[in-house]
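Tertiary structure, described
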Amino acid sequence: MPLFAWFACLLALIATPVAASTLERGTIDAASLRGNAAGLPSARGVTVYLPDSYAADPTRRFPVLYYLTSFFEDDRAPWANNGAQALLDRAIDRKVVGPAIVVTIDCTTPVGGSWYVNSPVTGNWEDLVSRELVAWVDGRYRTLASRDSRGIAGDRMGGHGAIRLAMRHPEVFGAVYALHPIGMGPGVQTMFSRPNWQLLQDARRIEDLRSDGFSLIFTSIFQAHLPNATRAPLFFDPPARLAEGRLAVDPALTEKLNASFFLDRQVAAHAGNLKRLRGFMFDWARGDSNPDHIVSLLAFTRTLDSFGVPYEAEEYRGGWGERHWGEDGRIYSEMLPFFARTLVF
């Protein structure tokens, strides 16, 4: 072949368009969130990852992974902060996992997050994710619209939410992977020892809590599990309060909170649902500086054992929120291979 002809062929190859993965961002106006007491917007951002083969083969349908984010992370966070698109591209190209659609949604609230539960204060987040969002995605994209091809995962608070939704909706989600889930059960310290109760009692607006992270996080927990739409501005019934310099714990509200929030308390009611899953896995970091997380996760495995629920669990070397992203992270090395073997592609 003459040199000019070879060069022309090379230019043609370079110029030939190659299908690439895409991120599409849309908005779902969620009926599940309308009319919430805190006045949170019902319009929520949704980011959808479409693998390169989605555009290359217009007849093909794909499994879907729903990824729930952690505190103060909206739908854009994994893509903007952690290079999720490039990581998924590499994982699919190297056959770590088959081509799949991946979906994230903005479930943030002014105090950090929704915990993915139904609450008259912040809205019905469980209904949003398990019903409206799934229907929204299936109606717009070429999905394999079956539980067998639909997985749910999450990080920390999102990991808690992923297990919570999977145990309640095995007809929707076929497999679940939770990265360092929290709120699994009692830890070393009691829950009422964490917030600044004086700060909570004196607060006249949410912004008054910004100086104390634990008070923000526990306000999000209380709004989800002890909601009171008439108690502005924090909108919850406090399970404890300061009286004459001493903390008085309300036993009835504390029991209500523990029974609703801790996932180990809900295994008995949902053990049958958990056994229906095609796969159930979670992990946690041995070096987490909050020992409550490690203690509660170890106890959670024993609870699952006592009810005969099959699962996979792993403690790994690392700290809070570490080793999730990147090619040496848990998402690439553990989560995606887990879904590759548990979902129908």
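Residues numbered from 1 in each chain as written. Predicted model: local features only at pLDDT ≥ 70, side-chain atom pairs only at ≥ 80, totals over all residues. Heavy atoms only, no water.

Residue position: Gly112 is located in the loop between strand 4 (101–105) and strand 5 (118–119). Residues Gly112 and Glu73, 39 residues apart in the sequence, show an inter-C-alpha distance of 8.0 Å. With near-sequence residues (within four places) excluded, Gly112 lies in contact with Phe71, Phe72 and Met157. (Helix = DSSP H or I, 4+ residues; strand = E, 2+ residues; numbered from the N terminus. Contact = heavy atoms within 4.5 Å.)

Here the focus is the sheet that holds strand 2 (residues 43–50). If you walk across this open sheet you meet the eight strands as 1-2-4-3-7-8-11-12, and the pairing is mixed. Across the chains shown, the open sheet's two edge strands, defined by having one partner strand only, are strand 1 (22–29) and strand 12 (312–316). When the angles between neighbouring strand axes are averaged without regard to direction, this sheet yields 15 degrees. Across eight bridges, the pairing between strand 1 and strand 2 is antiparallel. Bridge assignment links Thr27 to a residue of strand 2, and that residue is Gly45. Here helix 5 (residues 125–140) sits on the sheet in contact with strand 1, strand 2, strand 3 (64–68), strand 4 and strand 7 (150–155), set at roughly 125 degrees to strand 1. (Pairing = 2+ DSSP bridges. Axes fitted to C-alpha atoms, helices over the stretch in contact; angles between N-to-C directions.)

With that settled, the discussion passes to the environment of Arg164. Along the polypeptide, Arg164 turns up in helix 6 (residues 157–168). In this structure, Arg164 is in contact with Trp115, Tyr116, Val117, His225, Ser260, Phe261, Leu263 and Gln266, ignoring residues within four places of it in sequence.

Running from amino to carboxyl end, helix 4 (residues 84–93) crosses helix 12 (residues 330–342) at an angle of 55 degrees, the nearest separation of the two axes being 11 Å. One finds that helix 4 runs oblique with respect to helix 12. In terms of crossing hand, the pair formed by helix 4 and helix 12 is right-handed. Only Ile331, Tyr332 and Leu336 of helix 12 make contact with helix 4, whose side of the interface consists of Leu87, Leu88, Arg90 and Ala91. Residues belonging to the contact of helix 4 with helix 12 are distributed by class as follows: six nonpolar, no polar and one charged. (Parallel < 35°, antiparallel > 145°, perpendicular 65-115°, else oblique. Left-handed = near helix turned anticlockwise from the far one by under 90°. Nonpolar A, V, L, I, M, F, W, Y, C, P; charged D, E, K, R; others polar.)

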